[in-house]
Amino acid sequence: QVQLVEPGGGLLQSGGPLRLSCAASGSLFGNNIMGWYRQAPGKQREMVAALTSGGSTNYIEPVKGRFTIYRDNVKNTMYLQMNRLKPEDTAVYYCHLLLSSGGNYWGKGTLVTVSS
């Protein structure tokens, strides 16, 4: 059974940094795509950043240059380094894993609140 655990949310002021982490059970970093999604109040969930097992990354435009997705295969952990946070980044952030076998897994989410 795959589990994704995301500690690391919090309340912080605009302009500050925050790093989210997502710890995955098992050795899951074969051919897969991992990503971070977020859902702001009253809005649909959106993909924020994605990282393939080959190392390719993709970001939505509002976070380009501010957010960085990366992972540590030894620790089975994925990270999202968020810099220069803005109030519009306030959302529940979810970790996601899509395996080449078709397995599709979500973390429970962690709340990030950015005050102006």
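Notes on the structure in this doc start here. Every value quoted in this text rests on a predicted model; they were computed, and no experiment measured them.

Relative to the helices and strands, W106 is located in strand 10 (residues 104-106). Residue W106 is classed as partly exposed on the basis of its relative accessible area, which comes to 36%. Separated by 66 residues in the primary sequence, W106 and A40 place their C-alpha atoms 17 Å from one another. Once you skip the residues sitting within four places of it in the chain, W106 turns out to touch L4, Y37, R45, Y94, C95 and H96.

It is worth spelling out the pattern of salt bridges at this point. All chains considered together, the criterion is met by four salt bridges. Here R38 makes a salt bridge to D89, at a shortest N to O gap of 3.0 Å. Within this pair, whereas R38 is found in strand 4 (residues 32-39), its partner D89 is found in the loop between strand 8 (77-82) and strand 9 (91-99), the two being separated by 51 residues in sequence. By the burial criterion, R38 is buried, and D89 matches it. The partner of K64 in a salt bridge is E61, with the nearest N and O atoms 3.2 Å apart. With a relative accessible area of 59%, E61 lands in the exposed category.

Non-glycine residue N76 carries a positive phi angle of around 55°. Here N76 is to be found in the loop between strand 7 (67-72) and strand 8. Assessed through its relative accessible area of 13%, N76 is described here as buried. The phi dihedral of R84 falls on the positive side, at around 50°, and the residue is not glycine. Positionally, R84 belongs in the loop between strand 8 and strand 9.

So, about the packing of aromatic side chains. All told, the structure shown has three aromatic pairs when counted by the stated rule. Look at Y70 and Y79: their rings are 5.0 Å apart centre to centre, the planes differ by 20°, and that puts the pair in the stacked class. The class for Y70 is partly exposed, based on a relative accessible area of 31%. Y79 sits in the buried class, given a relative accessible area of 9%. Each ring, one from Y94 and one from W106, has its centre 6.4 Å from the other, and the planes form 85°; the classification is edge-to-face. With a gap of twelve residues between them, Y94 in strand 9 and W106 in strand 10 connect regions that are remote in the sequence. The class for Y94 is buried, based on a relative accessible area of 13%. For R45, the ring lying beneath its charged end belongs to Y94, and the centroid distance is 3.7 Å. When the ring centre of W106 is taken as origin, the NZ or CZ atom of R45, which lies over that ring, is 4.7 Å away.

What counts, and at which threshold
- Residues numbered from 1 in each chain as written.
- Predicted model: local features only at pLDDT ≥ 70, side-chain atom pairs only at ≥ 80, totals over all residues.
- Heavy atoms only, no water.
- Helix = DSSP H or I, 4+ residues; strand = E, 2+ residues; numbered from the N terminus.
- Buried < 20%, exposed > 50% of the residue type's maximum accessible area, 1.4 Å probe, protein only.
- Contact = heavy atoms within 4.5 Å.
- Salt bridge = Lys/Arg side-chain N within 4 Å of Asp/Glu carboxyl O.
- Phe/Tyr/Trp six-rings, centres within 6.5 Å; stacked < 30°, edge-to-face > 60°.
- Lys NZ or Arg CZ within 6 Å of the ring centre and 35° of its normal.

All we've got here are geometric facts, nothing functional implied.
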